[in-house]
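# Working through the structure, step by step
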Amino acid sequence: MASSQGKEARTGWLLISPPAIYAMLLLAAPLATVLLYSVLTGGRGEIGLPFTLSNFAELFQKPIYQSVMLRSLYVSLAVTFVTVVLAYPIAYFVSFHVSPSKKALWLFLITIPFWTSYVIRVALWRTILGYEGIVDSALINIGVINEPLNILSNGMLSMIITLSHAYAPFAVLPIFVSLEKVDRSLLEAGQDLGESKLMTFIRVTLPLTMPGVIAAVLIVFIPTVGDYVTPELIGGGKVPLIANLIESQMLKIRDQAQGSAIAVAAMFIVGMVSLVFVLLNRRFLGGQK
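A brief structural summary. Chains are numbered independently. Their residues run from 1 in the order of the written sequence. Whole-chain, interface and lining totals are the exception, using all residues; otherwise, since this is a predicted model, local features are given only for residues with pLDDT of at least 70 and side-chain atom pairs are given and counted only at 80 or more. Where side-chain values are given, they derive from all heavy atoms of the structure, hydrogens and water being excluded.

## Re the side chain of Ser164
For clarity, the threshold we go by: Put simply, DSSP H or I for four residues or longer makes a helix, DSSP E for two residues or longer makes a strand, and each gets a number counted from the N terminus. Each residue gets one of three labels from its accessible area relative to the maximum for its type: buried under 20%, exposed over 50%, partly exposed in between, using a 1.4 Å probe on protein chains only. Every residue pair with non-hydrogen atoms within 4.5 Å of one another is taken to be in contact.
By the secondary structure assignment, Ser164 is in helix 7 (residues 155–180). Judged by relative accessible area, which is 8%, Ser164 ranks as buried. Apart from residues no more than four positions distant in its own chain, Ser164 is found in contact with Val79, Val82 and Thr83.

## So, a nonpolar patch on the surface
Put simply, the test is: Two distance rules govern patches: like charges are joined within 9 Å, and nonpolar side chains (Val, Leu, Ile, Met, Phe, Trp, Tyr) within 5 Å, applied only to residues with over 30% relative accessible area and no salt bridge. Per-residue accessibility takes into account occlusion by the displayed protein chains alone, with areas from the Shrake-Rupley method and a 1.4 Å probe. When a carboxyl oxygen of Asp or Glu lies within 4 Å of a side-chain nitrogen of Lys or Arg, that pair is called a salt bridge.
On the surface, Phe93, Leu105, Trp106, Phe108, Leu109, Ile112, Phe114, Trp115, Phe170 and Ile219 cluster together to form a nonpolar patch covering roughly 930 Å² of accessible area. For the nonpolar patch, the leading source of residues is helix 4 (residues 100–110), giving 4 residues. If you trace the backbone, Trp115 turns up in the loop between helix 4 and helix 5 (118–129).

## Observations regarding helix 9 (residues 197–225)
This is how the line gets drawn: One fewer than the residue count of a helix, multiplied by 1.5 Å, yields its expected span. Two axes are fitted around each residue, one to the seven residues ending there and one to the seven starting there, and the angle between them is reported as the bend at that residue.
Under the 1.5 Å per step criterion, the end-to-end length of helix 9 is only 37 Å for 29 residues, more than 12% shorter than the ideal 42 Å. Maximum bend of helix 9: about 50°, positioned at Met210, with proline Pro211 one to four residues after it.

## Structural notes on helix 7
Across its 26 residues, helix 7 extends 38 Å between first and last C-alpha, which sits within 8% of the 38 Å expected from 1.5 Å per residue. Where helix 7 bends most, the angle comes to about 45°, and this point is Tyr167, followed within four residues by the proline Pro169.

## Thoughts on the environment of Leu86
Considering the arrangement of structural elements, one finds Leu86 in helix 3 (residues 63–97). Taking C-alpha positions, Leu86 is 9.8 Å from His165, a pair spaced 79 residues apart along the chain.

Note that all results are geometric; they support no functional claim without further evidence.
Here's what the structure looks like:
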């Protein structure tokens with residue numbers, strides 16, 4: 001009996017060892033290196049002992065670091081809000097108003113933006129939002145405006161629009177899955193008791209789908225905080241986010257210790273915000289049991 005259990009244990013270890021080694025080499029090792037570098041003494045192209053926390057202290061002493069981090073959080077939260085608010089009606093329509101035989105087709109169409117490179121999609125938004133671009137030309141032709149808006153000149157707004165489009169499918173899919181799990185008989189019971197469709201949605205559908213909404217929030221929020229391409233292409237590098245600041249420290253200033261400290265601080269902030277959403281998710285899941 002003991003020998004058979006030992007064989008099963010060895011078989012289990014053999015099965016998980018390849019992905020475990022893969023995760024250690026590509027995830028754990030780089031993360032450990034960044035953590036180590038963040039507490040080393042660094043300078044222009046130099047890094048070494050002694051250990052120090054001055055890199056983190058500098059984050060609180062220089063306003064530039066604080067302003068970039070706050071800007072990154074603001075942009076990410078705004079993108080998350082816009083994306084989820086726009087994604088929910090789409091997921092609701094597909095779940096409740098599209099016939100079961102055509103739902104797969106609709107989900108397939110939603111994923112079409114992933115067929116092209118992320119860089120190409122971001123670059124195309126420069127043409128759409130730029131001076132006398134598609135948006136300006138359309139609004140001028142229908143007489144809404146007389147002069148081009150040049151939305152691209154507003155770095156924050158243009159980044160929010162671009163990132164919201166880029167991450168929209170990530171928000172639609174988890175919300176759709178959550179909507180598919182809603183028992184339709186509960187909605188019918190609510191309306192039979194005299195509730196309107198709006199109140200049934202607010203009191204029944206929305207609470208039941210909050211785990212999917214929170215999952216969508218996490219899926220969108222976490223990567224957008226560290227997005228590098230959009231601020232570089234859309235903002236022209238004039239409105240940098242945290243990833244652009246890290247790139248500048250690592251490659252231009254060549255201060256790997258300070259760049260690592262910024263990365264660790266960003267991971268900590270994102271982790272704390274994500275933890276709040278995870279706890280909210282557990283609350284909604286617990287309330288449904």
